[in-house]
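The residues making up each chain are set out below.
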There are 2 protein chains.
Amino acid sequence: MAIKLELHKMSLMPKGFKCASTNCGLKEKENDLSLIFSKTVANAAGVFTKNQFPGAPIILGREIIKKKKLQAVVVNSKISNVGTGQQGIDNAKKTATYASNELNIDKDLVMISSTGVIGKQLPIELLEQGIKGISSNWSTDPIVAAKGIMTTDTYPKAISFPVGNATVTIIAKGSGMVEPNMATMLVYILTDAAIDADLLDEMLRNSVNLSFNMLSIDTDTSTSDTCLILANGISGDVDTAQFAELLTAGCIKMTKMLAMDGEGATKLLLAEIENAHSAQDAKYIAKSIINSPLIKTMAYGADPNIGRILMALGKCFDCSIIPEKLVIFINDKLVYKDLNISPDFDENEVRKLLGSKEVKIKVNLNIKSSNAIAYGCDLTEGYIKENAAYYSS
Amino acid sequence: MAIKLELHKMSLMPKGFKCASTNCGLKEKENDLSLIFSKTVANAAGVFTKNQFPGAPIILGREIIKKKKLQAVVVNSKISNVGTGQQGIDNAKKTATYASNELNIDKDLVMISSTGVIGKQLPIELLEQGIKGISSNWSTDPIVAAKGIMTTDTYPKAISFPVGNATVTIIAKGSGMVEPNMATMLVYILTDAAIDADLLDEMLRNSVNLSFNMLSIDTDTSTSDTCLILANGISGDVDTAQFAELLTAGCIKMTKMLAMDGEGATKLLLAEIENAHSAQDAKYIAKSIINSPLIKTMAYGADPNIGRILMALGKCFDCSIIPEKLVIFINDKLVYKDLNISPDFDENEVRKLLGSKEVKIKVNLNIKSSNAIAYGCDLTEGYIKENAAYYSS
């Protein structure tokens, strides 16, 4: 029985967590530095990018998370500290040290993240100054932390929901260079539930595989993807099955928010694959649809060029596809069956469906029983504009 | 020793070949139907799309090419005859029959191609009328044939060059839905050299793998990709090693023309990979660079955001990459080495290089000795514009 995800209407932090955010001078005006803190040491798990040029914070982060304990996360935006060699590693370590001094905790309990331009050194003295005294401005609104980690995101993203007596908060950023693999963008999940670190790790990986790992905004896998979960246990035990289910639902909710706020995006695109030969096929095909620039532009223009869906399926060379069995729907309207465009295909009706804020392409392969859903967005002039001058702006 | 490709300045057809083109009413004004004819039966070879939803002409074409003989090719643009079921197959057969009647040759010697919107039936009576009498307007200018096969191409593409006493002509269209695999777009290669059909097939596959199969405009693999070669032998034997080398050079030349005329493109993008662990790695990495929307938009905006090259390399999860050994050049200017952006990296200089009509990203992996070059173009607002309303326009 599915448990319904009910979001808190106001942004809430789980008990014992607080955050702060400031402008330390990396950006001109907006906040570029955030700190998240738990008053007690939390069990922690994390997944990181599979990109072969991980940023310095990822290289360090993989070591830090081995102890399965965290008490703080410090994040800067604007510069990602990737492609920065030994100096980059040193700067990431310094950042953790500044935060541990400010919070008076062990530096091994501090996770660091950086997001932004690749290949530039962090002006470390700005981070030092920014972190100093930041804890005099604690907030219990996660949106405050979300603000300092934004790059091209158009709004800060945080959601909270209850699980039993506990609260879960998800803080995230996405927008561009987003096709995470084994992890995603920057996502921080906080809870006051008491959960064993190994179970936390297992639940996190499962939820990420069904949510953030099924998101693609532009096929480009970031060098800084990080998804962390911290459980400080202050609110005690929860039903872990329920927690796992709601964690996944919450991650999917945030995945949709990230997709919808993809660079230049005007709408959410979903590819729902049913009855594929294998889970791998279902995922691959869902990603092929969500990543096709011709489907993304079709959705943008609400152009009923649905033959492009056949193209995107057909280019999955190694997947089992039986054209005779294939059935395709757009927003639940049948458009293709029996090797032909559906006889009652009405261009204007399909144009209207494609004009919605949410476009769902459902493909029933009718082969075996594996399903997958991928999340993405349309491709617009806005994406080009943002990315033709990202470095310089 | 490399033989230099020297293009004929004027468009020439090999001896015994002629072509014609007309508007049969699929498009409003422009030509939408082309016929290519050899006065004698030619040895022939062909490669076709690997897309799992091939168009009706591909399904038939795979059968026709088995006999290794062709005398004519009939091509329509605007409607691709894909996703059209049995009626589509019947229409493709009818098209071949109309052409065989017009030319008074066996219908098994006629190859058909269609390109354009997917999922619409061909108005077959228009093709019948268009083919009837088309041979009263023969031309020996391949540009005439190239005109009738265009979709979003901005100009008709044909090149000719000599091999010994013989001539080779390549007629092609590309523009969008272009990441061919085992074949490409529509390409017709004609020659009056005498070459055995099996050797022709071998040479074609080799050339295609080094040229059209290394082209990607938008990662989307067409359902209609076809590359044919016809050799009618009228000019007799040639040095086949020389022919093979020049065929590859000619195909690469045409690949660049197609890349440069990608939908909305303003410049040619080349990814040259050196000293990869394997040929497969070299190809995969070259394609990763050429397909990255963030690299494509960087090239478009001439934004020196070269960290994105690291990202595109790093997301080749299964390729051998040793960051310490990696060296990167843009238009032969060193930009990355020893885990760092090059110390003499000059933003304005790199901006200027990225502003060229041809941007070459060279990556030396320094692992083993496999090389590859991929061809593509930048990603611009023009691509979005063309593809947000392709069906409707």
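Residues numbered from 1 in each chain as written. Chains lettered and ligands numbered in written order. Predicted model: local features only at pLDDT ≥ 70, side-chain atom pairs only at ≥ 80, totals over all residues.

## Considerations on the overall build of chain A
- Counting secondary structure elements, chain A contains 11 helices and 14 strands.
- In terms of overall size, chain A behaves like a compact globule, its C-alpha atoms giving a radius of gyration of 21 Å where 393 residues would be expected to give roughly 21 Å.
- With the C-alpha coordinates of chain A rotated into their principal frame, the extents come out at 70 × 50 × 35 Å.
- Buried residues in chain A amount to 61% of all 393 residues.
- Counting contacts in chain A only where the partners sit at least 6 residues apart, residues at least 24 apart contribute 81% of the total. (Helix = DSSP H or I, 4+ residues; strand = E, 2+ residues; numbered from the N terminus. Rg over C-alpha atoms; globule rule 2.2 N^0.38 Å. Buried ≥ 20, exposed ≤ 12 C-beta atoms within 10 Å, placed from the backbone. Contact = placed C-beta atoms within 7 Å.)

## Some thoughts on the confidence of the model for chain A
Residue and element names in this part refer to chain A.
- Of all residues in chain A, 97% attain a pLDDT of 70 or more, and the chain-wide mean is 91.
- Predicted confidence in chain A is weakest over strand E12 (residues 340–341), with a mean pLDDT of 88, and strongest over helix H3 (residues 124–131), with 98.
- Two numbers describe this predicted complex: its pTM, 0.85, and its ipTM, 0.83. (pLDDT = per-residue confidence, 0-100.)

## Some remarks on unusual backbone geometry
- Phi at Leu339 of chain A takes a positive value of approximately 65°, unusual for a residue other than glycine.
- When you line up the elements, Leu339 of chain A lands in the loop between strand E11 (333–337) and E12.
- What makes Leu339 of chain A partly exposed here is the crowd of 16 C-beta atoms within 10 Å.
- The phi dihedral of Asn366 of chain B is positive, around 50°, even though this residue is not glycine.
- As for its position among the elements, Asn366 of chain B is in the loop between strand E13 (358–364) and strand E14 (370–377).

## Here we look at the domain arrangement of chain A
Residue and element names in this part refer to chain A.
- On domain assignment, one finds that chain A holds domain 1 (17–260) and domain 2 (268–377).
- Between the C-alpha centres of domain 1 and domain 2 the distance comes to 33 Å.
- The interface is formed by 9 residues belonging to domain 1 together with 11 residues belonging to domain 2.
- Residues that form the side of domain 1 that touches domain 2 fall into these classes: 5 nonpolar, 3 polar and 1 charged. (Domains from an automatic or database assignment. Nonpolar A, V, L, I, M, F, W, Y, C, P; charged D, E, K, R; others polar.)

## Concerning the packing of helix H2 (residues 85–103) of chain B against helix H3 (residues 124–131) of chain B
Residues and elements named next belong to chain B.
- The interhelical angle for the contact between H2 and H3, taken along N-to-C directions, is 15°, at an axis separation of 9 Å. Considered as vectors, H2 and H3 are oriented roughly parallel to each other. You can see that H2 and H3 cross each other, and the crossing is right-handed. Residue-level inspection shows Asn91, Lys94, Thr95, Tyr98, Ala99 and Glu102 of H2 in contact with H3, the latter providing Ile124, Leu127, Glu128 and Ile131.
- When its residues are assigned to classes, the contact of H2 with H3 shows 5 nonpolar, 2 polar and 3 charged. (Axes fitted to C-alpha atoms, helices over the stretch in contact; angles between N-to-C directions. Parallel < 35°, antiparallel > 145°, perpendicular 65-115°, else oblique. Left-handed = near helix turned anticlockwise from the far one by under 90°.)

## Let's talk about the relation of the copies chain B and chain A
- You can overlay chain B on chain A at an RMSD of 0.0 Å; the transform is a turn of 180° with a shift of 0.0 Å along its axis. Those values place the two copies in the arrangement expected of a two-fold rotation axis. Nearest to the rotation axis, the C-alpha of Glu381 of chain B is located 2.5 Å from it, this being the minimum over chain B.
- A symmetric contact is evident, with 100% of the interface residues of chain B recurring at the interface of chain A. (Least-squares fit on C-alpha atoms with pLDDT ≥ 70 in both.)

## Some points on the nonpolar core
- Ranked by size, the top nonpolar core spans 282 residues in total, and within it Ala72 and Ala286 of chain A together with Ala72 and Ala286 of chain B carry the most contacts.
- Ranked by residues supplied to this core, first place goes to helix H6 (residues 240–260) of chain A with 10 residues.
- Those residues in contact with Ala286 of chain A that lie beyond four places of it in its chain are Met214, Ala271, Ile273, Ala372, Ile373 and Ala374 of chain A. (Core = buried A, V, L, I, M, F, W, Y, C linked by C-beta atoms within 7 Å.)

## Some points on the sheet that holds strand E11 (residues 333–337) of chain B
Residues and elements named next belong to chain B.
- Spatial ordering of the open sheet is given by E12-E11-E10-E13-E9-E14, a layout of 6 strands whose pairing is mixed. Looking at the sheet topology across the chains shown, the edges are occupied by strand E12 (340–341) and E14.
- Both strand E10 (residues 327–330) and E13 contribute to a ladder of 4 bridges, which runs antiparallel. Counted as the bridge partner of Ile328 is Val363 from E13. (Pairing = 2+ DSSP bridges.)

## Looking at H6 of chain A
- When the terminal C-alpha atoms of H6 of chain A are compared, their 30 Å separation across 21 residues agrees well with the 30 Å that a helix rising 1.5 Å per residue should span.
- Those residues of H6 of chain A that are buried lie in contact with strand E5 (157–163), strand E6 (166–173), strand E7 (186–191), helix H5 (197–210), strand E9 (268–276) and strand E14 (370–377) of chain A. (Expected span 1.5 Å × (residues − 1).)

## Some points on the interface of chain B and chain A
- Between chain B and chain A, the residue contacts involve 53 residues of the former and 53 residues of the latter.
- Looking at which element gives the most residues to the side of chain B that touches chain A, the answer is helix H9 (residues 307–314) of chain B, with 6 residues.
- Per-class residue counts for the side of chain B that touches chain A are 25 nonpolar, 21 polar and 7 charged.

## Digging into the environment of Asp196 of chain A
- On the secondary structure map, Asp196 of chain A appears in the loop between E7 and H5.
- It is 9.3 Å that separates the C-alpha atoms of Asp196 of chain A and Gly233 of chain A, two residues lying 37 residues apart in sequence.

## Digging into the sheet that holds E12 of chain A
Residues and elements named next belong to chain A.
- Strand order across the open sheet formed by 6 strands is E12-E11-E10-E13-E9-E14, with mixed pairing between neighbours. Two strands lie at the open edges of the sheet, namely E12 and E14, each paired on one side alone.
- Taken strand by strand, H6 contacts E9 and E14, and its axis lies near 40° from that of E14.

## Re the environment of Leu354 of chain B
Residues and elements named next belong to chain B.
- Residue position: Leu354 is located in helix H10 (residues 347–354).
- For Leu354, a count of 22 C-beta atoms within 10 Å translates into the label buried.
- As a C-alpha pair, Leu354 and Asn331 span 23 residues in sequence and 8.1 Å in three-dimensional space.
- Those residues in contact with Leu354 that lie beyond four places of it in its chain are Met298, Ala299, Ala302, Pro304, Ile330 and Val359.

## Re helix H7 (residues 279–291) of chain A
All names here are of chain A.
- Between the first and last C-alpha of H7 there are 18 Å, a value that for 13 residues agrees with the 18 Å anticipated at 1.5 Å per step.
- For H7, the full list of buried residues reads Asp281, Ala282, Lys283, Ile285, Ala286, Lys287, Ser288, Ile289, Ile290 and Asn291.
- Contact partners of the buried residues in H7: E9, helix H8 (293–301), helix H9 (307–314), strand E13 (358–364) and E14.

## With respect to the pairing of strand E5 (residues 157–163) of chain B
Residues and elements named next belong to chain B.
- Along E5, 6 of the 7 residues are buried, which leaves the element largely enclosed by surrounding structure.
- Where E5 lies against strand E6 (residues 166–173), 7 bridges are found, and the strand directions are antiparallel. Within E6, the position partnered with Phe161 by the bridge is Val168.
- The antiparallel pairing of E5 with E6 creates a hairpin that spans 2 residues between the two strands, and Gly164 there sits at a positive phi of about 55°.

## Focus on the environment of Ala20 of chain B
Residue and element names in this part refer to chain B.
- Here Ala20 lies in strand E1 (residues 17–22).
- Ala20 sits in the buried class, given 22 other C-beta atoms within 10 Å.
- Taking the C-alpha atoms as reference, Ala20 lies 16 Å from Leu126; in sequence the two are 106 residues apart.
- Beyond its immediate sequence surroundings of up to four residues, Ala20 is in contact with Leu35, Ile134, Ser135, Asn137, Trp138, Ser139 and Val144.

## Considerations on the pairing of E7 of chain A
Residues and elements named next belong to chain A.
- In terms of burial, E7 is a largely internal element, 6 of the 6 residues being buried.
- Of the two faces of E7, the one holding Leu186, Tyr188 and Leu190 and the one holding Val187, Ile189 and Thr191 are both buried throughout.
- Sheet topology note: the E6/E7 ladder contains 6 bridges and is antiparallel. Each residue of the ladder has a partner; that of Ile170, found in E7, is Ile189.
- Following the chain from E7 across H5 to the adjacent parallel strand E8 (residues 226–231), one finds a crossover that is right-handed. (Right-handed = clockwise from strand over helix to strand, strands pointing away.)

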